[in-house]
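# Chain and residue survey
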Amino acid sequence: MTTTLPPSLLLPPSLLLPPSPPTLSSPSPSFLAPLSSFSPVPSLTPPLPPSVELCAVLTDTRLTLDVYQGGTAVLQLLWVSVPGQLRGLQYLRLGSEDRGALEGALEVLPHLTQLRSLAIRGHCFHDAHGDPLPGLLTSLPPSLSSLSLLVHLDLSFNLLSSFPPCLLTLPLLSTLLLGHNHLTDLPPSFGPLPALRYLSLLGNCLASLPPSLGQLKTLHTLDVSYNLLETLPEEIGALEELVKLELSHNRLKRLPETMGCLLSLRDLVIHSNDLRVLPVCLCLDKLDKLKVDVRNNPLGRPPTPPPLPPTPGQVETRIPELHLGPNRHRFCVSSAGCHVFLPGGAELLFPSGCLATTTTLQWAERRPDRKWVWLEEHDFLLSRPLELLPHGISFLKPVEVCVPYHRSRKGEVVVRRFDGQQWSTLSTETRRGSIGHSSHPGGRPARLACVSVRQFSWFVAVGRPVRDSCSVTPEGALLVSRSDAGIKLTFPPDCTVQTRTITLQVLQVSVTEVQTLFGDPQARVSPLLCLFQDPSIQFLQPIKVQVPLPTGLAGHTVDLSCLHLLHGDPSAHTWTDITSQVSLYVTQLYAIFYITHFSWYWLWYTTQRCVSGVVRRVYQRLKQFQVQFLVLQRRTDPKQVLLQCLPADKVDNRVQSLSEQYDGPQPSDLCDLLEGEQFFAGFERGLDVSADRPDCAEGRLSFVFYSRLKNLKEVYVCPTQKQEGSIRGQVSFYRGEVPSDIPQEVARKRKGHDSQWLATLPLRLPGLNSEGGSNGMDWEQPQYPPLNLGDPESGYLTEANLLAISLQIGQDWRSIGINLGISYQELDRMQYKYRDNLGAVVLEMLFHWARGQQQEGVGLRPAGGPGQQGIGAVPRLIDAMVESGRRDLAEEIKDIVRLGTRKYNESLRRVGLEEEEKRPSTDTDPSPSH
């Protein structure tokens, strides 16, 4: 098996050493001696990846093989090569995503009798879709009982369905992590584990706990959250040393009275259960130091009565379902309620009685507008804005609005609402959509971000770092980050007079990125802490902040002279080194400092001088996205060009999916764009845009980049006037305002200083009657004759206008064709003729209708021809768009007509001709200028 190391995991040797478990004594410095002290260095077949040296993963007592996929297979290779060195191992970390490598490792483990810490975990790596790879460990061999010195064991994120019996023979085992497995029961006796202090069973399938749990007399922490528990055994009161008990997210209906015997208990987490009353024992004075979290429980509510039996003849009422097509933007909801499924995966749930009378409602998916899409620092857009109409309509009961969003690997997803004046963040729940309703036919249900509202407005899904909040009273408080349990804020008593709200966000930062940007291969950084408070006044007592040391550092080896604490001001975008101004000290795993006011804090370790200006530039770069630009020409019509901006990691898949329909140049070099930044695409050196578009000015298209959304435009280009033969032109991309003059050397060689310029990609249009033309197309004879559709009273649409409109019709072409009067048979013929080319079908439908209008003498006015032909053609097209649910296209057609009329009137004024109220019938109508 040949293993390769992803670039994101090319870590320096010191970074690969896992921290010692907190229950173990700290290793002496001799444990960190490199493998080079041994001789000879073993030769492995297959070897480690080129970027990883053996001394980086193996020391005399520590072996770390969960830093690159397939690393577990190295254990068996090392056992064959250097068994003597492995016999002394005390700390071992393995990944469990490779079944073959895992089986080989389990054969070696019984021989490593000196092991004190062992981790065999899943979820160490992710697949191509960004989903974590599960661990494949299903059982442990009985021979593992030979690991009699084992103190720490982590088997999380695997497929264990039963408790491995061999674990009961480990007398020194102190920490046992079995979270996120498939355990359904526990052993009837825990007697052989006299030293167990920490037991984690969260995220399993436990319906009950055995009475034998009371045998764990030394147990300090027990976590059985996220299971199926309905009751607890009375014997749980025998855990005299228990300090923390996690029972959240179960089905508990009551707690045993014996819990009053847990005199050492300090933290009881029982939120998200079905508890209606707490036992009296938890309110006794002898448990006055106990902190209880009882959120999301029906405390004080009467028991829910059993449902009444259905009366004879009674029919169970179900909320009706309504599935809308992409061309249906209106729907009706009655007092009975309705479950509405929108195209793309969105869902609206109207409960029974939310409306007094039947009401017509509307929906629309809008393009993100930078002017009103509100993103906070470190936010990114996950969906297009969903507009629900009429704005401000009030419902008698809350209506559930579920917005589909793109996957977010990190942080949390929230829905923001715009009421026409300001944005607000709503309480959001995420789930999968209903079965049978997918954003893509045959695909998985969409990811939904759901909120409950009583009024309609704009809704958009946003991703952000996990936000933790708490209220600080004069008695003090403790805030622990959900994204990193090692980050804690301790508020001492009397630190504040009035209650204030504290918010904490943690931004994880890639060490390799920082090293590249900073230019220091030894640089390390902690997570970035973003602290906020309301009201924003200083604390009366210093607040203790605990943050993990930068990855790869240990408290007994860190050089404190290289450790810098930086204070960030988000409004001024500055970073200041405050190391000498605060009380900063380190433990084995953490750095601790005290502050009196809140802002942003970042812990850096670097051998170079830490300059705040350099850190500011690094932070700005970390906020940017690496993007690439695409320019592709449709194979069947090289004048039709697709422009797209994509994050660098999505380019290859996108090009592959479009390769059957498009040809074109390779993607541009890497560029940097900020979330929500506007940029432009300009056509130069012989190319021009042959379409009037709202987002096009002087031949340049306006984009707004959002990393999770499709940033694309599809336009028709043509040679500029007086161009002969094949045309070699280019599309250039610019940030912000378009430069008025572009140096030749920049356009040709991408050289020269121009901060606005981003990238240039070439385009080539075939020459007239050239063999290079697509499908032998005669460019001197266009596919469709030039035309002006319409009449003087209602306005004209040019051929370029129709081409631009066709690009936005998409899957609605058949509905629009029917409303234009085209027969079903004719539409089927078009679909069969161009069954693999949607764009060609749309063009055929639109121009077929236009030619039919000419033959009937109703709608087509040839360029320069006599007037009074085509009366009512443009309004007829607008009505067809409205009837097909494409009011957006109807409004765009109206804008085009108004623009053409204005240009025409301006041209008359320029030449001194004013349109008279009545013109002779023999006059010839002027050709429209648009």
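Our structure's up above, just so we're on the same page.
Below you will find a few notes about this structure.

All chains considered together, the criterion is met by 26 salt bridges. For aspartate 468, the salt bridge is made with arginine 482, and the minimal N-O distance between the two is 2.6 Å. Placement of the pair is aspartate 468 in strand 24 (residues 467–472) and arginine 482 in the loop between strand 25 (477–480) and strand 26 (488–491), with a sequence separation of 14 residues. A relative accessible area of 57% places arginine 482 in the exposed class. Note that arginine 735 and glutamate 677 form a salt bridge whose closest N and O atoms lie 2.3 Å from each other. Of this pair, arginine 735 sits in strand 45 (residues 727–735) while glutamate 677 sits in the loop between strand 39 (671–673) and strand 40 (678–684), placing them 58 residues apart in sequence. With a relative accessible area of 10%, glutamate 677 lands in the buried category. Linked through salt bridges whose partners overlap, the residues forming this network are Glu376, Asp379, Arg416 and Arg467.

Next up on the list: the sheet that holds strand 22 (residues 447–455). Spatial ordering of the open sheet is given by 11-13-14-18-22-21, a layout of six strands whose pairing is mixed. What marks the edges here is a single partner per strand, and that holds for strand 11 (321–323) and strand 21 (429–432). With strand direction ignored, the average angle separating the axes of adjacent strands in the sheet is 25°. Inspection of the sheet shows strand 21 paired to strand 22 by four bridges, in the antiparallel sense. Paired with arginine 431 across the two strands is leucine 448, which belongs to strand 22.

So, about the side chain of arginine 524. With respect to the secondary-structure elements, arginine 524 resides in strand 28 (residues 524–525). Although arginine 524 lies buried, it forms no salt bridge, and the closest oppositely charged side chain, aspartate 520, sits 7.2 Å away as judged by the N-O distance. One polar contact links the side chain of arginine 524 to the main-chain carbonyl oxygen of glutamine 522, over a distance of 3.2 Å.

On to the pairing of strand 2 (residues 91–95), then. The element strand 2 is largely enclosed, with a buried count of four among its five residues. Sheet analysis places strand 2 next to strand 3 (residues 117–121), joined by five bridges and oriented parallel. When the sheet's bridge partners are listed, leucine 92 is paired in strand 3 with leucine 118. This β-α-β element, strand 2 to helix 4 (residues 99–108) to strand 3, shows right-handed connectivity.

Along helix 5 (residues 511–518), the positions that sit buried rather than exposed are Val511, Thr512, Val514, Gln515 and Phe518. The arc enclosing the buried residues of helix 5, seen along the axis, measures out at 160°, which places them on a common side. The elements touched by buried residues of helix 5 are strand 28, strand 35 (600–605) and helix 6 (612–623). Glycine 519, located one to two residues past helix 5, shows a positive phi value of around 80°.

For the rest of this paragraph, the subject is the sheet that holds strand 42 (residues 696–697). Overall, antiparallel pairing links the five strands, which are arranged 42-43-40-45-46 in an open sheet. The sheet terminates laterally at strand 42 and strand 46 (757–765), the two strands that pair on one side only. Bridge count between strand 40 and strand 45: six bridges; the pairing is antiparallel. Across the sheet, residue phenylalanine 679 finds its bridge partner in strand 45, namely arginine 735.

What follows concerns helix 13 (residues 873–883). For helix 13, the set of buried residues is Ala873, Val874, Leu877, Ile878, Ala880 and Met881. Down the axis, helix 13 shows its buried residues gathered within 160° of arc, on one side only. Immediately downstream of helix 13, the backbone of glycine 885 shows phi near 80°, a positive value.

Next up on the list: the side chain of aspartate 812. Within the secondary structure layout, aspartate 812 lies in the loop between helix 9 (799–806) and helix 10 (813–819). Dropping the residues within four chain positions of it, aspartate 812 is found in contact with Pro326, Asn327 and Arg886.

We now examine unusual backbone geometry. Omega for the peptide link from leucine 389 to proline 390 comes to 0°, which places this bond in the cis form. Note the cis peptide between aspartate 534 and proline 535, where omega equals 5°. In this model, histidine 180 sits at a positive phi of 60°, which is unusual for a non-glycine residue. In this structure, histidine 180 sits in the loop between strand 5 (175–177) and strand 6 (198–200).

Moving on, we come to the state of the cysteines. Applying the stated criterion across every chain yields a total of one disulfide. Each sulfur of the disulfide joining cysteine 402 and cysteine 450 lies 2.4 Å from the other. Residues cysteine 402 and cysteine 450 share a disulfide whose torsion about the S-S bond is about 110°; that sign makes it right-handed. With cysteine 402 in strand 18 (residues 394–404) and cysteine 450 in strand 22, the pair connects residues that are 48 residues apart, well separated along the chain. Just as cysteine 402 is buried, cysteine 450 falls in that class too.

So, on to the packing of helix 5 against helix 6. Where helix 5 contacts helix 6, the axes come no closer than 10 Å and their chain directions differ by 130°. In terms of orientation, helix 5 lies oblique with respect to helix 6. When the axes of helix 5 and helix 6 are compared, the crossing they make is right-handed. On helix 6, the residues that touch Glu513, Val514, Leu517 and Phe518 of helix 5 are Val614, Val618, Arg621 and Leu622. Its residues placed into classes, the contact of helix 5 with helix 6 shows six nonpolar, no polar and two charged.

As a rule of thumb, nonpolar side chains are buried together in soluble globular proteins. Ranked by internal contacts, the top residues of the largest apolar core, which has 73 residues, are Leu63, Leu75, Leu109, Leu112 and Met259. Counting only elements with at least two residues in this core, the list comes to helix 1 (54–57), helix 2 (73–81), strand 2, helix 4 and strand 3. When near neighbours in sequence (up to four residues on either side) are disregarded, leucine 75 contacts Leu63, Leu65, Leu86, Leu92, Leu94, Ala105, Val108, Leu109 and Leu112. Counting 33 residues, the second largest nonpolar core, distinct from the first, contains Leu388, Phe395, Val415 and Leu426.

Note on aromatic pairs: each is described by the distance of the centres and the angle between the planes. Inspection of the entire model under this criterion finds 20 aromatic pairs. Taken together, a centroid distance of 5.2 Å and an interplanar angle of 35° make the contact between phenylalanine 418 and tryptophan 423 tilted. Both residues of the pair, phenylalanine 418 and tryptophan 423, belong to the buried class. Between phenylalanine 418 and tryptophan 458, the aromatic rings sit 5.5 Å apart at their centres with planes inclined by 50°, giving tilted as the arrangement.

Cut-off values and rules
Residues numbered from 1 in each chain as written. Predicted model: local features only at pLDDT ≥ 70, side-chain atom pairs only at ≥ 80, totals over all residues. Heavy atoms only, no water. Salt bridge = Lys/Arg side-chain N within 4 Å of Asp/Glu carboxyl O. Helix = DSSP H or I, 4+ residues; strand = E, 2+ residues; numbered from the N terminus. Buried < 20%, exposed > 50% of the residue type's maximum accessible area, 1.4 Å probe, protein only. Pairing = 2+ DSSP bridges. Axes fitted to C-alpha atoms, helices over the stretch in contact; angles between N-to-C directions. Lys, Arg positive; Asp, Glu negative; His and termini not counted. Polar contact = N/O pair within 3.5 Å; in protein donor to acceptor, adjacent residues only side chain to side chain. Right-handed = clockwise from strand over helix to strand, strands pointing away. Arc of directions from axis to C-beta. Contact = heavy atoms within 4.5 Å. Disulfide = S-S within 2.5 Å. Parallel < 35°, antiparallel > 145°, perpendicular 65-115°, else oblique. Left-handed = near helix turned anticlockwise from the far one by under 90°. Nonpolar A, V, L, I, M, F, W, Y, C, P; charged D, E, K, R; others polar. Core = buried A, V, L, I, M, F, W, Y, C linked by side-chain atoms within 4.5 Å. Phe/Tyr/Trp six-rings, centres within 6.5 Å; stacked < 30°, edge-to-face > 60°.

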